[in-house]
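Residue-level listing of the chains:
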Amino acid sequence: MSTTPSTTVATHRTSFVSGLWLALASAAAFGSSGPFAKSLLEAGWSPAAAVTARIVVAALVLAGPAAFMLRGRWHLLRRNAVLLLTYGVVAVAAVQLAFFNAVSTLSVGVALLLEYLGVVLVVLWLWLRHGQRPRRWTVVGIVLAVLGLVLVLDVLGGMRVDAVGVLWALGAAFGLAAFFVLSARADTGLPPLVMAAAGLLVGGVSLVLAGLVGLVPVRVSSADVDLGGVQLPWWVPVAGLSLVAAAFAYASGVAATRRLGSKVAGFVGLTEVLFSLLFAWLLLGELPLPVQLLGGAFVVGGVVAVRYDELTRPEPAATHDPTGTAPADGHDEPRTPTPSPVEP
C-alpha cells in the first residue's frame, strides 16, 4: 500500500512533536542534577564520586530492560561495538571528566557556556560531514542561543578565564556534540534504551578506572544530606541523580535525537539551563534574576529559529535518491533501510 503525501506529513509532524516532548523531558531530567549533586558535594562527596555513582547506578538500572529488549539480537552489540565504545567513553565519561577539570580553574558559568558550544560543533559537523551548510535562520539561532546562555549563566558577572580550563571546557563541548551526533544514528538497529544503557555501562567503567588510577579524586560520605531544607539519607540524591538525571535523561535524549535530528535536538537541549534555574528555585530557594529570564527567552528564540530553518529547508527529490538514504522529516543524518556498521 502506497503512502500518500498527507499521511507522510502527518507522520513527520507526529514524530517531531513526540521528539520535542522527549527532548524537553530529557533536558529537564539533566537539569535536575544540580540540587542533587550540590547536596552530595556539601556532605563531603567529591564531584568525581558523585558522577561515578550517578553513571554506574544508572547503567545497572537500565541493564535489565536493555537485556530484555535485546533478547535474540545480541549480535547488534558486536556490530555496533565501535559506536557504543565511542559513545560511552566520549559522550558519557569524557564529557563529565572534562567539565569537572574545567570548573577547577574556571567559573561554572564560563565552563558551561563553553561546554554548550558543542551545539555549534554539531552544526559544523553536519556542514563538513553531510554538506548541510548552515543557513541564515540557523546562524540567527546560534547567535540568539549564545547570547541567551551568556545572560542565563551570568558569565560576565563571574568571569574567570584560564587557558587550561578553557581547553578542558572545549573538550566537554566536543563530548556534548558527540552525544547528539551519535544519538541521532537511527541505522544501528539498537533501541534508544539499549544504546543509553550500553553507553552508560562503558562510561561507568571508564569513570571507575579513572578513579582507581588516581586520574580523579574519589571521596564519598555516608552523612545525611540537606536537600531543599530537608535532612535525607545520602542514597536519596544518588537515586535522583541515577534514575532521573542519568537513566531517564540519557534514554529519552537518545530517543528524542533520533526523531529530531542532532541539530534541532541540540538546540532544544539548551533548555537544560532553564530547567536548572527552575529546580534551583524550587529545591534550593535560589530565585532567578530578571536578566536570566531574559536570557531564557533568547535561548527559546534560538530554538525556534533553528526549527524554522528546518521547516523551510528544501526536501531532496525522491527521484534523485534511489538508495533510500536521503534525510527525512527534518533529520540531519542520512537514513538507511537496514542496520549497518556505523562510523563514529
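Below is a summary of the structure that appears in this document.

Conventions used here
Residues numbered from 1 in each chain as written. Predicted model: local features only at pLDDT ≥ 70, side-chain atom pairs only at ≥ 80, totals over all residues. Heavy atoms only, no water. Helix = DSSP H or I, 4+ residues; strand = E, 2+ residues; numbered from the N terminus. Contact = heavy atoms within 4.5 Å. Areas by Shrake-Rupley, 256 points an atom, 1.4 Å probe, with all protein chains shown as cover. Salt bridge = Lys/Arg side-chain N within 4 Å of Asp/Glu carboxyl O. Buried < 20%, exposed > 50% of the residue type's maximum accessible area, 1.4 Å probe, protein only. Phe/Tyr/Trp six-rings, centres within 6.5 Å; stacked < 30°, edge-to-face > 60°. Lys NZ or Arg CZ within 6 Å of the ring centre and 35° of its normal.

1. A few points about the overall build of the chain
- Looking only at helices and strands, the chain features 14 helices and two strands.
- In the chain, of all internal contacts separated by at least 6 residues, the share reaching a separation of at least 24 is 86%.
- Working note: accessible area of the chain is about 16000 Å², and carbon and sulfur atoms make up 71% of it.

2. Thoughts on the environment of A58
- Tracing the backbone through its elements, the reader meets A58 in helix α3 (residues 47-70).
- It is 4.8 Å that separates the C-alpha atoms of A58 and A247, two residues lying 189 residues apart in sequence.
- In contact with A58, other than residues within four places in its own chain, are L200, S242, A246 and A247.

3. Describing the pattern of salt bridges
- Enumeration according to the criterion identifies two salt bridges in this entry.
- With its nearest N and O atoms 2.9 Å apart, the salt bridge here joins R135 to D309. You can see R135 sitting in the loop between α7 (118-130) and α8 (136-152) and its partner D309 sitting in helix α14 (residues 290-311), a full 174 residues away along the chain.
- Exposure remark for R135: the relative accessible area of 31% places this residue in the partly exposed category.

4. Quick notes on the packing of aromatic side chains
- This structure, assessed with the given rule, holds six aromatic pairs.
- On the basis of an interplanar angle of 90 degrees and a centroid distance of 6.3 Å, the ring pair of F30 and F179 is categorised as edge-to-face. With F30 in helix α1 (residues 5-31) and F179 in helix α9 (residues 163-183), this pair connects stretches of sequence that are 149 residues apart. Residue F30 shares its accessibility class with F179, and that shared class is buried.
- With a centroid separation of 5.1 Å and 75 degrees between ring planes, the pair formed by F179 and F180 is classed as edge-to-face. Residue F179 shares its accessibility class with F180, and that shared class is buried.
- Put simply, the rings of F30, Y87, F179, F180 and Y250 pair up and form one aromatic cluster.
- Between the NZ or CZ atom of R71 and the centre of the ring of F68, over which it lies, the distance is 4.1 Å.

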